[in-house]
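# Analysis of the macromolecular model
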Amino acid sequence: MRIVILISFFIAAGNIVLFAQKKCATAEYQRQQNANLNIANQKQRIDNFILSRLNKNSITANQRPAEAVIKIPVVVHVVYHFPEENLPDETIHKQIAALNRDYRKANSDTVNTPAAFKSKAADCNIEFELAKTDPLGRATTGIERVYSPIKKWTMDDKVKSSATYGTNAWDARYYLNIWICNLSDLLGYGTTPGDDLKNDGIVLSLLAVNNLDDGGSYSKGRTAVHEIGHWLGLRHLWGDADCGDDNVADTPKQTTYTPGCPTGVRVSCNNSEAGDMYMNFMDFTDDPCTNLFTKGQKDRMRVLFELGGYRNSILSSKALGAPWSQNIPLPDDAPQWLYPQVYPNPVNDELTLDLRYDARWIGKELIIINASGQLVHQLTISSKIEKIYTAQWKPGIYFIRGKKEGEKFSTKFIRL
Ligand SMILES: [Zn+2]
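Residues numbered from 1 in each chain as written. Predicted model: local features only at pLDDT ≥ 70, side-chain atom pairs only at ≥ 80, totals over all residues. Heavy atoms only, no water.

## A word on the state of the cysteines
With the rule as written, the count across this model stands at 2 disulfides. The partner cysteine of C243 in its disulfide is C269, sulfur to sulfur 2.0 Å. Given an S-S torsion of about -90°, the disulfide between C243 and C269 has left-handed geometry. With a gap of 26 residues between them, C243 in the loop between α7 (222-231) and α8 (295-303) and C269 in the loop between α7 and α8 connect regions that are remote in the sequence. In the chain, the cysteines engaged in disulfides, taken in order along the sequence, are linked 1-3, 2-4. (Disulfide = S-S within 2.5 Å. Helix = DSSP H or I, 4+ residues; strand = E, 2+ residues; numbered from the N terminus.)

Here is the structure:
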């Protein structure tokens with residue numbers, strides 16, 4: 001009986017810790033993505049490439065040419081519902097500065113790196129800069145602001161598509177896409193090399209970006225540092241398993257993630273006298289208590305930019321060059337039209353058209369046609385909720401079509 005109680009206690013305690021520590025959902029996201037065999041195979045090929053290049057590099061390490069700084073063009077998509085979620089440029093600039101600080105080992109808290117790990121700490125020679133030119137060649141600040149009717153997001157990638165009220169990635173071969181939104185119960189998640197390009201990039205919660213400099217758990221913009229680590233192929237130090245492998249030679253094995261802000265030596269997995277490297281950016285430790293990437297992690301990230309590497313295309317990006325188009329993107333205060341919701345579907349006698357997401361539909365015309373293409377109903381929208389009485393209609397499929405400035409809307413429903 002006592003054993004049962006003890007086991008229950010540990011399970012409960014474990015769950016509490018896990019719940020409080022949903023810092024990064026990348027591992028869970030990867031498990032979902034890898035269910036797609038094409039993606040899993042592509043990742044295997046990328047892994048093989050990295051491994052072959054790293055082996056080659058280790059032989060020729062001394063003959064390596066002077067290392068160039070890798071510049072990564074960034075687009076930040078701020079997807080907001082409430083005005084306060086529409087983070088000011090200044091906050092975005094601070095986040096980018098935090099990335100450059102840590103990826104260039106310019107962080108003042110390198111002094112906190114334990115003596116045993118100091119020689120492993122790396123200047124990754126990777127820098128980040130907001131795009132100056134968008135994919136159509138137009139001038140940009142590198143910050144895109146999109147109003148959304150959605151108040152909360154999860155790791156289902158809906159924030160990455162305008163069809164689901166988020167906003168689409170810019171061509172991920174040439175841009176690092178960062179979405180910032182009200183992410184539920186998570187600080188962030190990232191794709192890893194080989195994921196679907198339309199989802200490629202990282203998603204950050206407001207919490208992770210909006211508290212820089214407050215001295216708290218998320219005050220150093222290191223959720224982004226961590227998620228971009230994933231985007232550049234790094235895994236969690238514990239390899240997402242008990243004493244698992246992160247495929248990096250100079251990071252010690254450790255049992256699991258480290259919550260909070262520990263001090264002292266924590267030995268696990270018989271790693272060494274120096275213990276866990278819980279101050280590594282790829283652990284879950286609070287922002288003020290992390291301070292390094294290792295040389296092994298650096299090599300793994302940089303290999304992706306070599307010829308034939310998955311991120312090599314970034315080096316030929318035109319995003320940091322001068323714009324070549326005179327066109328001006330739509331201003332932020334004119335978001336794209338949001339489609340009406342139609343319910344219930346299937347319907348019996350009363351269909352609701354919910355236009356609350358975009359009041360600009362008012363005054364516009366909608367038509368409903370049947371499967372034979374005959375006009376059944378026509379209406380001019382006069383309120384945010386429109387009711388359509390379908391009791392007299394024959395059972396079958398019906399199509400609703402609408403048109404506004406340059407955009408068409410079409411959906412269908414079934415009359416039972
Ligand atoms: Zn992570």
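## Some remarks on the nonpolar core
Counting residues in hydrophobic clusters, the biggest one holds 53 residues, and the most contacted among them are Y103, F128 and I228. The dominant element in this core, judged by the number of residues it contributes, is strand β1 (residues 70-80), at 5 residues. Excluding anything up to four places from it in sequence, Y103 contacts D123, C124, N125, I126, F128, V225, I228, G229, L232, F293 and M301. Among the nonpolar cores identified, the runner-up in size contains 16 residues, and L379, I381, W393 and F413 belong to it. (Core = buried A, V, L, I, M, F, W, Y, C linked by side-chain atoms within 4.5 Å. Buried < 20%, exposed > 50% of the residue type's maximum accessible area, 1.4 Å probe, protein only. Contact = heavy atoms within 4.5 Å.)

## A few points about the environment of T133
Mapped onto the elements, T133 comes out in the loop between β2 (126-130) and β3 (143-147). It is 9.8 Å that separates the C-alpha atoms of T133 and V75, two residues lying 58 residues apart in sequence. Once you skip the residues sitting within four places of it in the chain, T133 turns out to touch R138, T140, W170, Y175, K318, A319, G321, A322, P323 and W324.

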